[in-house]
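As a plain string of letters, each chain reads:
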Protein chains: 2
Amino acid sequence: MPAEEIAAPKSLADFQERLRRVGGSLPKRLKQCAEYVAGNPDKIAFSTVADIAAGAQVPASAMMRFCQEMGFSGYSQMQKLYREEYSQKWPDYSTRLSSLRNGGAESPSALLAEFSEAGRASIENLTHSIDQDKLRKAVTVLAGARTIHIVGLRRTFAVASYLAYAFEKMSIPAILHAGVGNLTQHHLLGDGDALIAITFAPYTADTMALAEAAAARGLDIVAITDLPTSPLAALDAIHLLVSEIDVGNFRVLAATMTLAMTLSVAVGARRRLV
Amino acid sequence: MPAEEIAAPKSLADFQERLRRVGGSLPKRLKQCAEYVAGNPDKIAFSTVADIAAGAQVPASAMMRFCQEMGFSGYSQMQKLYREEYSQKWPDYSTRLSSLRNGGAESPSALLAEFSEAGRASIENLTHSIDQDKLRKAVTVLAGARTIHIVGLRRTFAVASYLAYAFEKMSIPAILHAGVGNLTQHHLLGDGDALIAITFAPYTADTMALAEAAAARGLDIVAITDLPTSPLAALDAIHLLVSEIDVGNFRVLAATMTLAMTLSVAVGARRRLV
DNA sequence: CCCTCAACAGAATGTATATTCCATTTTTTT
DNA sequence: AAAAAAATGGAATATACATTCTGTTGAGGG
């Protein structure tokens, strides 16, 4: 039994360190493995042994021996390390949140930490998931509109009102449909106008009603919603999907607000250029 | 053979588009699949059918049917699509951001990167700078109030309206002073009430007026503001300072929103416990 | 020059996983 | 209300994969 029998690395950093230390003194094939693995960390997470082995130009069994030599039980265990590193960016929220709920008497600062983290993750996710083409198209449509109508009720009203504020500040004609006094203002929708509709599950009926009225009149619609199965998705509109994290029953609006600001400022900039 | 037999989506964007189109008319289980898949793109890349199915709370066979319904030969083919997409955006958040930034000075994507980064920084700053004692005190005061009044106009109206929504949802008596119709509602301020006032430079006159009226009546006041020199600071109130980053002339509200959510949820939790 | 042993490649194996099939339930239609 | 159609869940099967085994090669030492 070799004296230097070693345990599996705990973290990717550990592993890369070990790779550097023992890398030089490996036999030919294993050295090939080491080099390929060190140089293609991203591929490890996705591919099968066969693929990786082919990439390193060794038979699969050599790659297996390499993994075991490095202290892993096999290829799968090594791959797990790479996958964990990657998917770390979206921590397991459902468990954390349920613990928060069961904890009950949380201190406000612990809550603040939760919301902060949720907000951070939501924004980060937004930058990954937003479709740049659609965003650009949305800006174009809104920049060309005569009047911009904005609708977002209940949980999304905050976003809608921010949009209204931003447009007002830039002197862009915009109407916030707030549902005040239960007066329907569908008749305000005119040719050449555009609508920004914001709704998350459970989808507010009044928002949908206005969006449908706008669709019927042939207005351009920019829809900010959470799921492809949203009723807004049935409309012919430019869809911007935002998946936010819920903390308890409360939706962190950080990403949606960020998107709203981007939209408004981009539209403002475009208008001024033309 | 159904007439609408469809080919496998070519890209993730294609797929999401299809999901959006047909998503609404799917049977129950398949809709669950659609929603989970749409909401967890990152997990698809790594996990097995069994894992994903468990996440969507459906049997594995349902997930298989879903994949085929969407035009894939099976789960593996769908996963392949996600893996391809993901190996491209592998680089971490910061590099992704800088690549967004360089996408053209005035492009919407560059703006999005700008706002995202500003939001992240603001939130991070908030968790460091907030005074925990004051936060706790604010929660205590609000939890003990008979009715909570909320005022925040112009740029902060979004925050105020979110607070109003949150309190309503938790059945906590709260009044949002919106300035509708220029009706002053100072007379609503009653003994045992508390006021949340939100204002940033330049400080809105109406907000100050209401805050002063509340102070005169001896109400507890929680002030969310940006600087110690704010006129709100002159009042005897619990001050929560939030320093947000400005992008151009627009204040990112991410930190303020985060603070507002924390306040409302903490108050709700406290009320229920007492 | 032969012996020994580590390194190796490819075939053989076992296991984890995807996929299909069918009996049962639920929904829709008549 | 009955019949037909669609949807569903779990068991059965097939496939893809990681892992191990075995015979062979090649290098170093006596």
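In case you missed it, the structure is sitting above this.
Residues numbered from 1 in each chain as written. Chains lettered and ligands numbered in written order. Predicted model: local features only at pLDDT ≥ 70, side-chain atom pairs only at ≥ 80, totals over all residues. Heavy atoms only, no water.

### Focus: the packing of helix H2 (residues 28-39) of chain A against helix H5 (residues 60-69) of chain A
Residue and element names in this part refer to chain A.
Working step 1: Remark: H2 packs on H5, axes separated minimally by 9 Å, with the N-to-C direction vectors making an angle of 75 degrees. Between H2 and H5, the crossing angle belongs to the class labelled roughly perpendicular. Note on element contacts: H5 touches H2 through Ala62, Met63, Arg65, Phe66 and Glu69, opposite Leu30, Cys33, Ala34 and Val37.
Working step 2: The residue makeup of the contact of H2 with H5, split by class, is 7 nonpolar, no polar and 2 charged. (Axes fitted to C-alpha atoms, helices over the stretch in contact; angles between N-to-C directions. Helix = DSSP H or I, 4+ residues; strand = E, 2+ residues; numbered from the N terminus. Parallel < 35°, antiparallel > 145°, perpendicular 65-115°, else oblique. Contact = heavy atoms within 4.5 Å. Nonpolar A, V, L, I, M, F, W, Y, C, P; charged D, E, K, R; others polar.)

### Examining H5 of chain A
Residues and elements named next belong to chain A.
Working step 1: Among all positions of H5, only Ala62, Met63, Phe66 and Cys67 are buried. What you see down the axis of H5 is that its buried residues fit within an arc of 140 degrees, all on one side.
Working step 2: Remark: glycine 71 follows H5 within two positions and exhibits a positive phi of approximately 100 degrees. (Buried < 20%, exposed > 50% of the residue type's maximum accessible area, 1.4 Å probe, protein only. Arc of directions from axis to C-beta.)

### Points about the protein's contact with DNA strand D
Working step 1: Around DNA strand D sit 15 residues, and of these Val49, Gln68 and Tyr75 of chain A together with Arg29 and Ser61 of chain B come closest.
Working step 2: Considering DNA strand D, the proportion of its atoms within 4 Å of the protein that are sugar or phosphate atoms stands at 74%.
Working step 3: Contacts to DNA strand D include glutamine 68 of chain A, whose side-chain N or O atom sits 2.6 Å from a phosphate oxygen.
Working step 4: For DNA strand D, a phosphate oxygen lies 2.5 Å from a polar atom in the backbone of tyrosine 75 of chain A.
Working step 5: Among the secondary structure elements, those contributing two or more residues to the surface near DNA strand D are helix H4 (49-56), H5 and helix H6 (75-87) of chain A together with helix H2 (28-39) and helix H5 (60-69) of chain B.
Working step 6: It is H5 of chain A that provides the largest number of residues to the surface near DNA strand D, a total of 3 residues. (Near = heavy atom within 4 Å. Polar contact = N/O pair within 3.5 Å; in protein donor to acceptor, adjacent residues only side chain to side chain.)

### Let's talk about the interface of chain A and chain B
Many structure descriptions define interface size as the accessible area lost when the parts assemble.
Working step 1: The interface of chain A with chain B comprises 57 residues on the first partner and 63 residues on the second.
Working step 2: Taken together, the two surfaces of chain A and chain B that pack against each other cover about 6100 Å², and 72% of this comes from carbon and sulfur.
Working step 3: Between the two partners, chain A and chain B, sit 3 salt bridges.
Working step 4: Glutamate 168 of chain A is paired through a salt bridge with arginine 154 of chain B; the nearest N and O atoms lie 3.3 Å apart.
Working step 5: Here chain A and chain B share 10 residue pairs in polar contact (both at pLDDT 80 or more) between them.
Working step 6: Broken down by element, the side of chain A that touches chain B gets its largest block of residues, 13 residues, from helix H8 (residues 108-129) of chain A.
Working step 7: Here the side of chain A that touches chain B is built from residues that sort into 32 nonpolar, 13 polar and 12 charged. (Buried area = accessible area lost by both parts, 1.4 Å probe. Salt bridge = Lys/Arg side-chain N within 4 Å of Asp/Glu carboxyl O.)

### Considering the pattern of salt bridges
Working step 1: Following the criterion strictly, the structure yields 19 salt bridges over all chains and no others.
Working step 2: One network of salt bridges, with partners in common, ties together Glu117, Arg120 and Glu124 of chain A.

### Looking at the protein's contact with DNA strand C
Working step 1: DNA strand C sits among 15 residues. The nearest are Arg29 and Pro59 of chain A together with Val49, Gln68 and Tyr75 of chain B.
Working step 2: Within 4 Å of the protein, the contacting atoms of DNA strand C are 78% sugar and phosphate, with bases supplying the remainder.
Working step 3: A distance of 3.0 Å separates a phosphate oxygen of DNA strand C from a polar backbone atom of valine 49 of chain B.
Working step 4: Here the surface near DNA strand C is built from residues that sort into 6 nonpolar, 6 polar and 3 charged.

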